[in-house]
Amino acid sequence: MAAENLDYLKDVLARTRGEVGKVIIGQEDAISMALIAIMTGQHALIEGVPGVAKTLLVRALARALGCEFNRIQFTPDLMPADITGTNVFNLRDNEFKLVRGPIFTEFLLADEINRAPAKTQSALLQAMQERCVTIDRDTHTLSPNFTVFATQNPIEYEGTYPLPEAQKDRFLFKIRMGYPSREHETGLALRMLGCDAPEAVLERHAVQPVLSAGELERVRGIFQAVTVREELVSYMVDIVRTTREEDMILVGAGPRATQALLLSSRAHAALAARDFVTPDDVKAVAPAVLEHRIVLRPESEIEGVTVGEAVARVLQGVAVPR
Ligand SMILES: Nc1ncnc2c1ncn2[C@@H]1O[C@H](COP(=O)(O)OP(=O)(O)OP(=O)(O)O)[C@@H](O)[C@H]1O
Ligand SMILES: [Mg+2]
C-alpha cells in the first residue's frame, strides 16, 4: 500500500471520528464498526435499546462523509412500493412518471426492520445485495454508496417479524450499542440541555463534511491494498468452521461469514493505520461478524448462554497463527 494513501486514509478517518465525536459521546466501538461497514461497502444491523443514539450516529456519519441520508420507519402496513417507489400516471404529460421511494439515497436508516412483513423486508434486502431496485419491470440503479443501517429493538419482540437467518447473513455486522457509562451519561445530560432533535444537534455542533461527493469511493479503494497472510485466511476459515462444531451452537455461520471476516479485519487494520492484518484484527471483528449468524441450541439458551459467550468459546478453541 502506498504510504501516502495510508496517510490520507488515516487523516480521513481521524477527521471523521472528530466530526462524529462532536455529537456522539462515547460509543467508540460502535463508531469504529460503523466505519468499517461503510468502508467495506457493506451494510450493518444496529441493536440497542431506545435512546442510545442509533439514529444520531448514522445521521452524523452521513453528514461527516458527505453522503445523503434517509430514514424509513418500518411498520406492519409498509409495502415494498413504499420504500422503492411507484410509477404514477401524470395526466398533463399523458405518461407514467417514477416517483422514487426513500430507498434512493446513500445512507439509509431502516428503523425497526422487524416490524414490517417479509415481502417488504425482502425488497430492502434485495436492494442491499444488488444496489438496484426493480419497479414495474424497470431496473433502477442505486448510488454506489448505498449503505443500509437497520435497527432492531432487542426488547420488543411482540408483533414483529424477526429477520430470517438467510437475511441476517447479508449484513456484515451486528453493531451493539449499549448504555453509556455514568460519566458519559452525565456529560450527555449537560450537553443536551434543551435540545433533542437530531437535526438540531447536528446543526448546533456544526458537524462538517470531511469528504465531498464521490470521494468515499476513492477511500474505499484504499482498503483493497491491506494484505492478509495465508495463515490468517486459514485462521478465519477455522473460526467459521468451528461455529458449526461447537456444542452450544445449533446452526453455525455460513461461508459469507468468512468473507465478512476477511473484509472487516482488513478495514480494522486500516483503521489502525496498518497495511497488514494481525490475529488481533480478526478477534476484534469476530463477535460483530458472527453473533447474528449463529443460532444457539435451545438447551444452551435455557441455561442462559449468550451468543457472545458462544463466540468467545469458539475463538478460544481455535489455534492462533503466530
Ligand atoms: N452517546 C450519545 N451521544 C450523544 N447523544 C446521545 C447519546 N446517547 C443518547 N443521546 C441523545 O439521545 C437522543 C436520542 O438519540 P437517538 O434518537 O439517536 O436514539 P435512538 O437510539 O435512535 O432511539 P430510538 O431507538 O428510540 O430510535 C439524541 O438526540 C441525543 O440527544
Ligand atoms: Mg432512532
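Residues numbered from 1 in each chain as written. Chains lettered and ligands numbered in written order. Predicted model: local features only at pLDDT ≥ 70, side-chain atom pairs only at ≥ 80, totals over all residues.

A.B. asks: Run through the overall build of the protein chain, naming residues and quoting values.
C.D. replies: In terms of helices and strands, the protein chain carries 14 helices and eleven strands. Here the C-alpha atoms of the protein chain give a radius of gyration of 20 Å, agreeing with the 20 Å that 2.2 N^0.38 yields for 322 residues. Referenced to the eigenvectors of the C-alpha coordinate spread, the extents of the protein chain come out at roughly 70 × 45 × 40 Å. Here the protein chain, with 322 residues, has 40% of them falling under the buried criterion. Pairs at least 24 apart in sequence give 78% of the contacts found in the protein chain among residues at least 6 apart. (Helix = DSSP H or I, 4+ residues; strand = E, 2+ residues; numbered from the N terminus. Rg over C-alpha atoms; globule rule 2.2 N^0.38 Å. Buried ≥ 20, exposed ≤ 12 C-beta atoms within 10 Å, placed from the backbone. Contact = placed C-beta atoms within 7 Å.)

A.B. asks: Break down the domain arrangement of the protein chain for me, citing the residues and quoting the values.
C.D. replies: For the protein chain, the assigned domains are domain 1 (3-221) and domain 2 (226-317). The straight-line distance from the C-alpha centre of domain 1 to that of domain 2 is 24 Å. With 20 residues of domain 1 at the interface, the matching set in domain 2 holds 18 residues. Looking at which element gives the most residues to the side of domain 1 that touches domain 2, the answer is helix 2 (residues 28-39), with five residues. In the side of domain 1 that touches domain 2, the residues fall into twelve nonpolar, three polar and five charged. (Domains from an automatic or database assignment. Nonpolar A, V, L, I, M, F, W, Y, C, P; charged D, E, K, R; others polar.)

A.B. asks: I'd love a proper account of the environment of L65, names of residues and values included.
C.D. replies: Considering the arrangement of structural elements, one finds L65 in the loop between helix 3 (54-64) and strand 2 (69-73). For L65, a count of 26 C-beta atoms within 10 Å puts it in the buried group. Spatially, the C-alpha atom of L65 lies 14 Å from that of S32, the residues being 33 residues apart in sequence. Here L65 is in contact with T16, I38, V210, L211 and L216, once residues within four sequence places are set aside.

A.B. asks: Give me helix 2: which residues, what numbers.
C.D. replies: For helix 2, spanning twelve residues, the distance from its first C-alpha to its last is 16 Å, which sits close to the expected 16 Å at 1.5 Å a residue. Burial of helix 2 is extensive: ten of the twelve residues sit out of reach of the surface. Along helix 2, the residues classified as buried are A30, I31, S32, M33, A34, L35, I36, A37, I38 and M39. Backbone geometry just after helix 2 places G41 at a positive phi near 70°. (Expected span 1.5 Å × (residues − 1).)

A.B. asks: Lay out the pairing of strand 8 (residues 147-152) with the relevant residues and their values.
C.D. replies: Counting buried positions along strand 8 yields six of six residues, so the element is predominantly enclosed. Both faces of strand 8 are covered, namely the face carrying T147, F149 and T151 and the face carrying V148, A150 and Q152. By the bridge criterion, four bridges tie strand 1 (residues 44-47) to strand 8 in an arrangement that is parallel. The residue bridging A44 from the neighbouring strand is F149, located in strand 8. (Pairing = 2+ DSSP bridges.)

A.B. asks: Let's hear about the sheet that holds strand 9 (residues 173-176): which residues, and what values?
C.D. replies: Within a sheet, neighbouring strands are paired by backbone hydrogen bonds and run either parallel or antiparallel to one another. The five strands are arranged 2-5-8-1-9 in an open sheet whose pairing can be described as parallel. Since the sheet does not close on itself, it has two edges, and those belong to strand 2 and strand 9, each with one partner. Between one strand axis and the next, the sheet turns by 20° as a mean value, whatever way the strands run. (Axes fitted to C-alpha atoms, helices over the stretch in contact; angles between N-to-C directions.)

A.B. asks: Can you explain the nonpolar core? Please cite residues and give values.
C.D. replies: By size, the foremost hydrophobic cluster in this structure holds 92 residues, and its most contacted members are A34, A44, L57, L61, F173, I175 and L261. Both domains that meet at this core, namely domain 1 (3-221) and domain 2 (226-317), each give it at least three residues. For F173, the residues in contact, after removing those within four places along its chain, are M33, A37, A44, L45, S264, A288 and V289. (Core = buried A, V, L, I, M, F, W, Y, C linked by C-beta atoms within 7 Å.)

A.B. asks: Which residues make up the packing of helix 10 (residues 230-243) against helix 14 (residues 307-317), and what values do they have?
C.D. replies: Helix-helix packing is described using two parameters, namely the angle between the two axes and the distance between the axes. Helix 14 packs onto helix 10 with a crossing angle of 130° between their chain directions and a minimal axis gap of 9 Å. Here helix 10 lies oblique to helix 14, going by the angle between them. Along this stretch, helix 10 crosses helix 14, giving a crossing that reads as right-handed. Contact with helix 10, carried on its side by I239, T242 and T243, involves V314, L315 and G317 of helix 14 and no other residues of that element. (Parallel < 35°, antiparallel > 145°, perpendicular 65-115°, else oblique. Left-handed = near helix turned anticlockwise from the far one by under 90°.)

A.B. asks: How would you summarise unusual backbone geometry if you had to cite specific residues and measurements?
C.D. replies: Leaving glycine out, the prevailing phi sign among residues is negative, and the prevailing peptide bond configuration is trans. The phi dihedral of E112 is positive, around 55°, even though this residue is not glycine. Note that E112 resides in the loop between strand 5 (107-111) and helix 5 (118-130). Given 16 C-beta atoms within 10 Å, E112 falls into the partly exposed group.

A.B. asks: Just give me the short version of the pairing of strand 4 (residues 95-100), but keep the residues and values in it.
C.D. replies: Buried residues are scarce in strand 4, accounting for zero of its six residues. As judged from the six bridges shared by strand 3 (residues 85-90) and strand 4, these two strands associate in the antiparallel manner. Residue pairing across strands places N87 opposite L98, the latter belonging to strand 4. Taking the residues between adjacent antiparallel strands as the criterion, strand 3 and strand 4 are bridged by four residues, where N94 takes a positive phi near 60°.

A.B. asks: Any details on the packing of helix 10 against helix 12 (residues 279-290)? Residues and values, ideally.
C.D. replies: Closest axis-to-axis distance for the helix 10/helix 12 pair is 11 Å, and the angle between their directions is 30°. Taken together, the axes of helix 10 and helix 12 lie roughly parallel to each other. Crossing handedness for the pair helix 10 and helix 12: right-handed. On helix 12, the residues touching L232, Y235, M236, I239 and T243 of helix 10 are P279, V282, A286 and L290. Residue composition of the contact of helix 10 with helix 12, grouped by class: eight nonpolar, one polar and no charged.

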